[in-house]
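# Structural features, examined
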Amino acid sequence: MPLKGLNVIEFSGLAPVPFVGTILSDFGANVTVIQKKSVAMELTGFLNGGKKSISINLKHPEGIEITQKLITNADIVLEPYRPGIMEKLGLGPDVVMAKNPRLIYARLNGYGSYGQNAQRAGHDINYLAMSGLLSLYGTKNSKPIPPVNFSEFAGGSMICVMGILMAVIERYKSGKGQVVDANITEGISYVGSWLMCSQDSMIWGKPKGQNLLDGGMHFYDTYETKDGKWMAVGALEPQFYQEFINGLGLDINDIEQMDNFEKNKEIIANKFKEKTREEWCNIFDSKDACVTPVLELDEVDQHPHNASRKSYLRKDKIVVPVPAPKLSVTPGVSSSNKPTAVCGQNTREILESIGYTQIEINKLFENKTLFQDSKSRL
């Protein structure tokens, strides 16, 4: 696997940083999560498959000492806190990179390490709003409607991983690590570069919900079927539009592509309600019309295309995507089906690996430098 041999220390936090750890783990890195309390596992535990867990009291001086030793032996640190927190703990990049110059120190937060909002709390909707992209979401004459929690992962986790991997490549050249300063607001803006740069083109130019790619056109929208399910239509180019209209059983002369958008939407909506989603799939599966079913999360792995590529797996009846992209020689392997460590489960193993004795470890538990979940197998 491409990242085999890289040792990662992940500080527990909300989902974007754990997902960074998951991606690195999926492609071979050894990831150890530093937990403060077991409660943090409740929202992120499903992203901790294949990782190891150690629970450390970061308010205790000996806890900081242990953490510094772990970082000294690490290649990558993943840090999810507001700016200044790690510095107050004595774990900021200036301190730990002085001891480990090859360290790649990845920071991921909402607004960045400086600026007016740097110390403010936020969530996906706030970062998307600050990026300007939220203004593009929603139907005609509607308020801005946030998509499901997605920006934190596309603009946060994935951009952070990209920065880490570039830093790894640079380290092969220079032998030195560096700080990867990632934040979700700038990250999702970068992901939205094309949307922002194309605003003066013919694609946009009209109010929200009335443009080519935001549901304003009858040939780029979703339509409900007879059985209450949905089909997605993206018949932009004329040749695809022709196939689309033919598949509906309509006359292209009666429903022109670039005219009467609202009227044509009504005609197409009524047509789609004449058949079930399966019946429409049977028609459009043989046509190059850019028409596909809107699949539910619990059925995506059953679609013939996805099934043929083995794009998903199931864990406890939950559908999970496999690592992407697929590498021809060193593909990733999903950590989802690997055991998920209970908080603090690997504490003794990890401390022994950096030279602590059992007697020393027992004392650290006694003075509450270390925590353990009641279910931990210690």
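Keep in mind it's a predicted model, so treat the numbers as computed, not measured. (Residues numbered from 1 in each chain as written. Predicted model: local features only at pLDDT ≥ 70, side-chain atom pairs only at ≥ 80, totals over all residues. Heavy atoms only, no water.)

### A closer look at the overall build of the chain
- Across its full length, the chain holds 15 helices and 11 strands.
- Taken across its 378 residues, the chain has 47% of its residues classed as buried.
- Expressed as a percentage of contacts within the chain between residues at least 6 apart in sequence, the contacts between residues at least 24 apart total 63%.
- Counting every atom, the chain has about 20200 Å² of accessible surface; 55% of that belongs to carbon and sulfur.
- When the 41 positive and 42 negative side-chain charges of the chain are each reduced to one mean point, those points stand 7 Å apart. (Helix = DSSP H or I, 4+ residues; strand = E, 2+ residues; numbered from the N terminus. Buried < 20%, exposed > 50% of the residue type's maximum accessible area, 1.4 Å probe, protein only. Contact = heavy atoms within 4.5 Å. Areas by Shrake-Rupley, 256 points an atom, 1.4 Å probe, with all protein chains shown as cover. Lys, Arg positive; Asp, Glu negative; His and termini not counted. Charge placed at Lys NZ, Arg CZ, Asp CG, Glu CD.)

### A closer look at the environment of Trp204
- Tracing the backbone shows Trp204 in the loop between α9 (193-197) and β7 (220-224).
- When the C-alpha atoms of Trp204 and Asp214 are compared, they prove to be 8.8 Å apart, with 10 residues separating the residues in sequence.
- Beyond its immediate stretch of four places on either side in the chain, Trp204 contacts Trp194, Leu195, Ser198, Gln199, Asn211, Leu213 and Asp214.
- At a separation of 2.9 Å, a polar atom in the side chain of Trp204 contacts the side chain of Ser198. (Polar contact = N/O pair within 3.5 Å; in protein donor to acceptor, adjacent residues only side chain to side chain.)

### A few points about the nonpolar core
- Ranked by internal contacts, the top residues of the largest apolar core, which has 26 residues, are Phe11, Ile56, Ile66, Leu70, Leu103, Leu351 and Leu370.
- Looking at which element gives the most residues to this core, the answer is helix α3 (residues 61-72), with four residues.
- Residues Ile23, Leu78, Val180 and Ile184 belong to the second largest nonpolar core, which totals 25 residues. (Core = buried A, V, L, I, M, F, W, Y, C linked by side-chain atoms within 4.5 Å.)

### Remarks on the packing of aromatic side chains
- Across all of its chains, the model carries 10 aromatic pairs by this definition.
- Between the aromatic rings of Phe219 and Tyr241, the centroid separation amounts to 6.0 Å while the plane-to-plane angle is 80°, which identifies the pairing as edge-to-face. In this pair, Phe219 sits in the loop between α9 and β7 while Tyr241 sits in helix α10 (residues 238-248), placing the two residues 22 residues apart along the sequence.
- Here the aromatic cluster, defined as three or more aromatic residues joined through ring pairs, consists of Phe219, Tyr223, Tyr241, Phe244, Phe272, Trp280 and Phe284.
- The ring of Trp280 carries Lys275 above its face, with NZ or CZ at 5.1 Å from the centroid. (Phe/Tyr/Trp six-rings, centres within 6.5 Å; stacked < 30°, edge-to-face > 60°. Lys NZ or Arg CZ within 6 Å of the ring centre and 35° of its normal.)

### Some remarks on the sheet that holds strand β3 (residues 52-55)
- A sheet is described by the order of its strands in space; here six strands give the open sequence β3-β2-β1-β4-β5-β6, paired in parallel fashion. The open sheet has two edge strands, β3 and β6 (179-183), and neither has a second partner. This sheet shows a mean twist of 20° between the axes of neighbouring strands, independent of strand direction.
- Lying on the sheet, helix α7 (residues 151-174) is in contact with β4 (76-79), β5 (104-109) and β6; it crosses β5 at an angle near 165°. (Pairing = 2+ DSSP bridges. Axes fitted to C-alpha atoms, helices over the stretch in contact; angles between N-to-C directions.)

### What about the pairing of strand β2 (residues 30-35)?
- Extensive coverage of β2 is indicated by the burial of five of its six residues.
- With five bridges joining them, strand β1 (residues 7-11) and β2 adopt parallel strand pairing. In the strand pairing of β2, Phe11 is matched with Ile34.
- Read as a crossover between parallel neighbours, the route from β1 over helix α1 (residues 16-26) to β2 is right-handed. (Right-handed = clockwise from strand over helix to strand, strands pointing away.)

### Remarks on the pattern of salt bridges
- By the definition in use, this model includes 11 salt bridges.
- Across the salt bridge formed by Arg107 and Glu79, the nearest N and O atoms sit 2.7 Å from each other. Of this pair, Arg107 sits in strand β5 while Glu79 sits in strand β4, and the two are 28 residues apart along the sequence.
- By relative accessible area, Glu79 is classed as buried at 2%.
- The shortest N-O distance in the salt bridge between Asp221 and Lys265 comes to 3.0 Å. Pair noted here: Asp221 is in strand β7 and Lys265 is in helix α11 (residues 261-272), with a separation of 44 residues, a long-range link.
- For Asp221, a relative accessible area of 21% translates into the label partly exposed.
- On the basis of relative accessibility, which here comes to 16%, the residue Lys265 falls in the buried class.
- It is possible to trace a salt-bridge network through shared partners that takes in Glu79, Glu87 and Arg107. (Salt bridge = Lys/Arg side-chain N within 4 Å of Asp/Glu carboxyl O.)

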